[in-house]
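# Inside the fold
Residue strings, one per chain:
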Amino acid sequence: LGLSVSLVLHTVFLITLGYHLNRCPLGTVGEGLLFLAWILGTIHLLSEWLADTRRLGLFTLLPTTLCVLAAVFLLRPDYALPPQLRSSLLVFHIVASLASYACFSMASISGQVVSINHFSLGTSWVSASVSEGKVAIRKLSEPRRLVSTR
């Protein structure tokens, strides 16, 4: 519930920022970091909702928080892109790049969690984790019903 509320507030903030600036809020480094934090939160919320991966919350919270904290200090206009580089193709490129960075970050976080647990708990945890991962993948591959058919 807390992640959902914070993600909704973050979305409202990004929309308000874009409305205030009269452009897509990806023109400065700080805006890009805010968008990256939003994508990380969205990916975590979707993975939690679709595959019950709540254990990653602690590990995804740290990079998301660091992105937001760095963005607070980098939202100044002197970090903006020059006018020659402001185009819709560049905005698409930035969105695609940040989305791929967020997906890579989530994969890296997942790998680090498995490594930490493997070295601290031994191989018995790894076999349980692999079977748990298979269940999560099976849940992701099943179609999810948004509306009850009762």
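Here, the structure is the one placed above.
Cut-offs used in this document
Residues numbered from 1 in each chain as written. Predicted model: local features only at pLDDT ≥ 70, side-chain atom pairs only at ≥ 80, totals over all residues. Heavy atoms only, no water. Helix = DSSP H or I, 4+ residues; strand = E, 2+ residues; numbered from the N terminus. Buried < 20%, exposed > 50% of the residue type's maximum accessible area, 1.4 Å probe, protein only. Contact = heavy atoms within 4.5 Å. Areas by Shrake-Rupley, 256 points an atom, 1.4 Å probe, with all protein chains shown as cover. Axes fitted to C-alpha atoms, helices over the stretch in contact; angles between N-to-C directions. Parallel < 35°, antiparallel > 145°, perpendicular 65-115°, else oblique. Left-handed = near helix turned anticlockwise from the far one by under 90°. Expected span 1.5 Å × (residues − 1). Arc of directions from axis to C-beta. Phe/Tyr/Trp six-rings, centres within 6.5 Å; stacked < 30°, edge-to-face > 60°. Polar contact = N/O pair within 3.5 Å; in protein donor to acceptor, adjacent residues only side chain to side chain. Patch = residues over 30% accessible without salt bridge, like charges linked within 9 Å, V, L, I, M, F, W, Y side chains within 5 Å. Salt bridge = Lys/Arg side-chain N within 4 Å of Asp/Glu carboxyl O.

### Let's talk about the overall build of the protein chain
Summing up its helical and strand segments, the protein chain has five helices and zero strands in all. The burial tally for the protein chain puts 25% of its 150 residues in the buried class. Taking the intrachain contacts of the protein chain between residues at least 6 apart in sequence as the baseline, contacts between residues at least 24 apart amount to 73%. With the model as given, the accessible surface of the protein chain reaches about 10400 Å², and the carbon-plus-sulfur share is 70%.

### A short note on the packing of helix H2 (residues 29-51) against helix H3 (residues 57-73)
Following both chains from N to C, one finds H2 and H3 inclined at 165°, their axes separated by 8 Å at the closest point. With respect to each other, H2 and H3 are oriented roughly antiparallel. H3 is crossed by H2, and the crossing has left-handed handedness. Of the residues in H3, those in contact with Gly30, Leu33, Leu34, Leu36, Ala37, Leu40 and His44 of H2 are Gly57, Thr60, Pro63, Thr64, Cys67, Val68, Ala70 and Ala71.

### Let's talk about helix H1 (residues 2-21)
Here H1 contains 20 residues, and its C-alpha end-to-end distance of 28 Å stays within 8% of the 28 Å for a straight helix at 1.5 Å per residue. Every buried residue of H1 is listed here: Leu7, His10, Leu14, Leu17 and Gly18. End-on, the buried residues of H1 take up no more than an arc of 95°, which puts them together on one face. The exposed residues of H1 that point more than 90 degrees off its buried face are Gly2, Val8, Leu9, Ile15, Tyr19 and His20. Residues of H1 that are buried make contact with H2 and H3. Phi turns positive one or two residues past the end of H1, at asparagine 22, with a value near 60°.

### Some words on the packing of aromatic side chains
Taken as a whole and judged by the stated rule, the model has one aromatic pair. Aromatic side chains phenylalanine 35 and tryptophan 38 sit 5.7 Å apart centroid to centroid with 25° between the ring planes, which places their arrangement in the stacked category. Taken together, the residues phenylalanine 35 and tryptophan 38, both in helix H2 and three residues apart, mark about one turn of the helix.

### Thoughts on unusual backbone geometry
Even without being glycine, asparagine 22 reaches a positive phi, approximately 60°. By the secondary structure assignment, asparagine 22 is in the loop between H1 and H2. Taking relative accessible area as the criterion, asparagine 22 reaches 70% and is therefore assigned exposed.

### With respect to the side chain of serine 97
Relative to the assigned elements, serine 97 resides in helix H4 (residues 88-121). The class of serine 97 is buried, set by a relative accessible area of 18%. A distance of 2.9 Å separates a polar side-chain atom of serine 97 from the backbone oxygen of histidine 93.

### With respect to the packing of H1 against H2
Contact geometry of H1 with H2 gives a least axis separation of 10 Å together with a crossing angle of 150°. Taken together, the axes of H1 and H2 are roughly antiparallel relative to one another. Here H1 runs over H2; the crossing is left-handed. Residue-level inspection shows Leu3, Ser4, Leu7, His10, Thr11, Phe13, Leu14, Leu17 and Leu21 of H1 in contact with H2, the latter providing Glu31, Leu34, Phe35, Ala37, Trp38, Gly41, Thr42, His44, Leu45 and Glu48.

### Some thoughts on a nonpolar patch on the surface
Taken together, the side chains of Leu1, Val5 and Leu9 make up a nonpolar region of the molecular surface, amounting to roughly 360 Å² of accessible area. Tracing the backbone shows leucine 1 in the segment before H1. A relative accessible area of 85% means that leucine 1 is categorised as exposed.

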